[in-house]
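Remarks on the overall topology
Chain by chain, the residues:
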Amino acid sequence: MMEKPESLVSYPLTPAQQLPMFARTYTIHKQVINIPISMIIDDTIDQALLSQSIETAVSRNDAFGLRYFRQDKEWRQYFTDRSVILLDPIDFTGRDEYEMEATFHKLSKQVMKIEKSPMAKICIFTSPDGKTGIFAVINHLIMDSWSIGIFFKDIMENYYAFRDQLPVPKPIFSYESALQKDLAYLSSDRYKQDVEYWTEVVANENAKCFHTSISGSQVLENHRKKVKDPEFRFASSFFLKTSARHEVLMMDETIVNKMKEFCQINNYPISLLIYFGLRTFYAKVNNRASRIGSMNMVARRSTLEEKKSGGSRVQTILMGSTDIDEKLTFKESLELILAEQNAHYRHADFSAMRVFEIENQLHGMKPGTNWRAFSYTFQPMTLDLGNGVKIATRWYSNGAAAQPIYITVMDGDGEGSLRFYYEYLVHHIQVEQIRKCHEFAIKVILTGINQPSITLGELIDLTF
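A brief structural summary. Bear in mind the structure is a predicted one, so any value in this text is a computation, not a measurement.

Topic: the nonpolar core
Grouped together as the largest cluster of nonpolar side chains are 79 residues, with contacts concentrated most on M251, M259, L273, I274 and I405. With 10 residues, the single largest contributor to this core is helix α9 (residues 270–284). Apart from the residues lying within four places of it in its own chain, the contact partners of M259 are M251, I270, L273, I274, L418, I445 and I449. Counting residues in hydrophobic clusters, the runner-up holds 62 residues, among them A23, I37, I41 and F92.

Structure (structure tokens):
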């Protein structure tokens, strides 16, 4: 195996990179950390100029210079020349959209090397209706969805600057600088405080903290029978069969606007309403559980430098600290969840992997088991290019997943709707249950907005 060039500084993985690397290590489907995404531009595009803009954006983004190698059985990384694998342009003109989607799905599933190799593939394409787009598969170790959005935005800002003979925009900020700060955090007083914080959170987990599956309470009951312990709180989080698909469902613009109005009046984030709707479904199908465990993603992009840099910074905060009594109203329940979320956000630099280790120590939660049964992220980032130019983005399944279900909410069509991507393990989750969850969550949200004093119990009692 080739070694890192001696002249270059190497770094260990950051807390944000540890979870995707863990997922990749313990699955037979190594494409599990591919992030495949497309962007279609509703404008007349010069593809040669677009290609030049892509090359410029790559050269300005140090995340594309990351390379990985093993040293003493540990993964390390270093920054070198910035490059991607450029695929030949694909023209779908006159062909149907199904053929285009099938092509992208096939590319999405290809395993990407992570040793001494560029960790992104990009191609320009023409859609069946003649629009120009960009398709990319980017490794989660070097980028998250936020930074992919930053990269796409940089491409298009470069393009319009070249086309209109204007000065090229300022480059994005360095990811290496952010990476160094993330590693310095591990030896800081703040890290020690975060250890204390999450240890206290885990210590307060009790018998009400049990596995709640989107498929219902039978999943935990079956696991209890398997381990011959009727009080067992955990279920498997490690699966040999990790084939996955996306079920993509929409939330109409009219519903989104109602949520926006309600949230503006009450100073709530829209993501909170969606999470509450999903959480209520999980309570309903799991014997009215009062504590629902989930893994919620945090972008960790609070400063201007963080917002305008590449790299993989998203972290997981572990929700489930809040015990919500069914007598509480819709708004009271939202306030409790928001308080928990805000408290956890202040300690979001801490790796979820370390929290799992603490749970192992305090509660005997063995590796490969968990009581948190779903992940949730809200990323409605739109690429506003100005001049009335519209962008449509789409996330694709890479054919594998590291957990039973991962719910990602993104911009729907640039017109105000939201698109829900339910990434699920096909051997463990029935798609009909996902659709039922989606419809029920929307029903809970709309009922709560119209009747803020309705109780959680009454919301759970709503019919499917």
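Looking at the packing of helix α2 (residues 47–59) against helix α4 (residues 145–163)
At their nearest, the axes of α2 and α4 sit 8 Å apart, and the two run at 130° to each other. Between α2 and α4, the interaxial angle falls into the category oblique. Of the two possible hands of crossing, α2 and α4 adopt the one that is right-handed. Residues L49, L50, Q52, S53, I54, T56, A57 and V58 of α2 pack against F151, D154, I155, M156, N158, Y159, F162 and R163 of α4. Its residues placed into classes, the contact of α2 with α4 shows 10 nonpolar, four polar and two charged.

Description of the sheet that holds strand β10 (residues 244–251)
Taken together, the six strands give an open sheet; going across it, the order is β10-β17-β16-β14-β11-β12, and neighbouring strands pair in mixed fashion. Looking at the sheet topology across the chains shown, the edges are occupied by β10 and β12 (315–319). Going across the sheet, the axis of each strand differs from the next one's by a mean of 25°, ignoring polarity. With two bridges joining them, strand β11 (residues 294–298) and strand β14 (residues 375–379) adopt parallel strand pairing.

Some points on the packing of aromatic side chains
In this structure the tally under the stated criterion is 29 aromatic pairs. When the ring of F232 is compared with that of F234, the centres are 5.5 Å apart and the planes differ by 90°; the resulting orientation is edge-to-face. Here the aromatic residues Y275, F281, Y282, F374, Y376, F440 and F464 are joined through ring pairs into a cluster of three or more. Its end group placed over the ring of F464, K436 keeps NZ or CZ at 4.9 Å from the ring centre.

Looking at the pairing of strand β7 (residues 120–126)
With seven of seven residues buried, β7 lies mostly within the body of the structure. Because side chains alternate across β7, one face comprises the buried residues A120, I122, I124 and T126, and the other comprises K121, C123 and F125, equally buried. Where strand β5 (residues 85–86) and β7 come together, two bridges link them in parallel fashion. Residue pairing in the sheet places I85 in a bridge with K121 of β7. The sheet contact formed by strand β6 (residues 90–91) and β7 spans two bridges and is parallel. Note on β7: the bridge partner recorded for I90 is F125. The parallel pair β6 and β7 is bridged by helix α3 (residues 97–108), and the resulting crossover is right-handed. In the sheet, β7 pairs with strand β8 (residues 132–139) via seven bridges, with the strands oriented antiparallel. Each bridged residue has a counterpart across the sheet, and for I124 the counterpart in β8 is I134. With antiparallel pairing between neighbouring strands as the criterion, β7 and β8 make up a hairpin whose turn holds five residues, including G130 at a positive phi of roughly 90°.

Some remarks on helix α6 (residues 189–203)
Between its first and last C-alpha, α6 extends 21 Å over 15 residues, near the 21 Å set by a 1.5 Å rise per residue. Those residues of α6 lying buried are Y191, D194, Y197, W198, V201 and V202. When α6 is viewed along its axis, its buried side chains cluster within an angular range of 130° and face the same direction. Facing away from the buried surface of α6 by more than 90 degrees, the exposed residues are D189, K192, E196 and E200. In this fold, the buried residues of α6 make contact with α5 (175–185), β12, α11 (330–345) and α12 (352–363).

Things to note about the environment of H211
The residue H211 is located in the loop between α6 and α7 (218–227) in this model. Each C-alpha atom of the pair H211 and T369 lies 9.5 Å from the other, and the pair is 158 residues apart in sequence.

Points about the pattern of salt bridges
This model, assessed by the stated rule, comprises 22 salt bridges. The partner of R394 in a salt bridge is E101, and the shortest N-O contact between them spans 3.9 Å. In this pair, R394 is assigned in strand β15 (residues 390–395) and E101 in helix α3, connecting sequence segments 293 residues apart. Assessed through its relative accessible area of 27%, R394 is described here as partly exposed. Residue E247 is joined to R435 by a salt bridge in which the shortest nitrogen-to-oxygen separation is 2.9 Å. You can see E247 sitting in strand β10 and its partner R435 sitting in helix α13 (residues 431–450), a full 188 residues away along the chain.

Conventions and cut-offs
Residues numbered from 1 in each chain as written. Predicted model: local features only at pLDDT ≥ 70, side-chain atom pairs only at ≥ 80, totals over all residues. Heavy atoms only, no water. Core = buried A, V, L, I, M, F, W, Y, C linked by side-chain atoms within 4.5 Å. Buried < 20%, exposed > 50% of the residue type's maximum accessible area, 1.4 Å probe, protein only. Helix = DSSP H or I, 4+ residues; strand = E, 2+ residues; numbered from the N terminus. Contact = heavy atoms within 4.5 Å. Axes fitted to C-alpha atoms, helices over the stretch in contact; angles between N-to-C directions. Parallel < 35°, antiparallel > 145°, perpendicular 65-115°, else oblique. Left-handed = near helix turned anticlockwise from the far one by under 90°. Nonpolar A, V, L, I, M, F, W, Y, C, P; charged D, E, K, R; others polar. Pairing = 2+ DSSP bridges. Phe/Tyr/Trp six-rings, centres within 6.5 Å; stacked < 30°, edge-to-face > 60°. Lys NZ or Arg CZ within 6 Å of the ring centre and 35° of its normal. Right-handed = clockwise from strand over helix to strand, strands pointing away. Expected span 1.5 Å × (residues − 1). Arc of directions from axis to C-beta. Salt bridge = Lys/Arg side-chain N within 4 Å of Asp/Glu carboxyl O.

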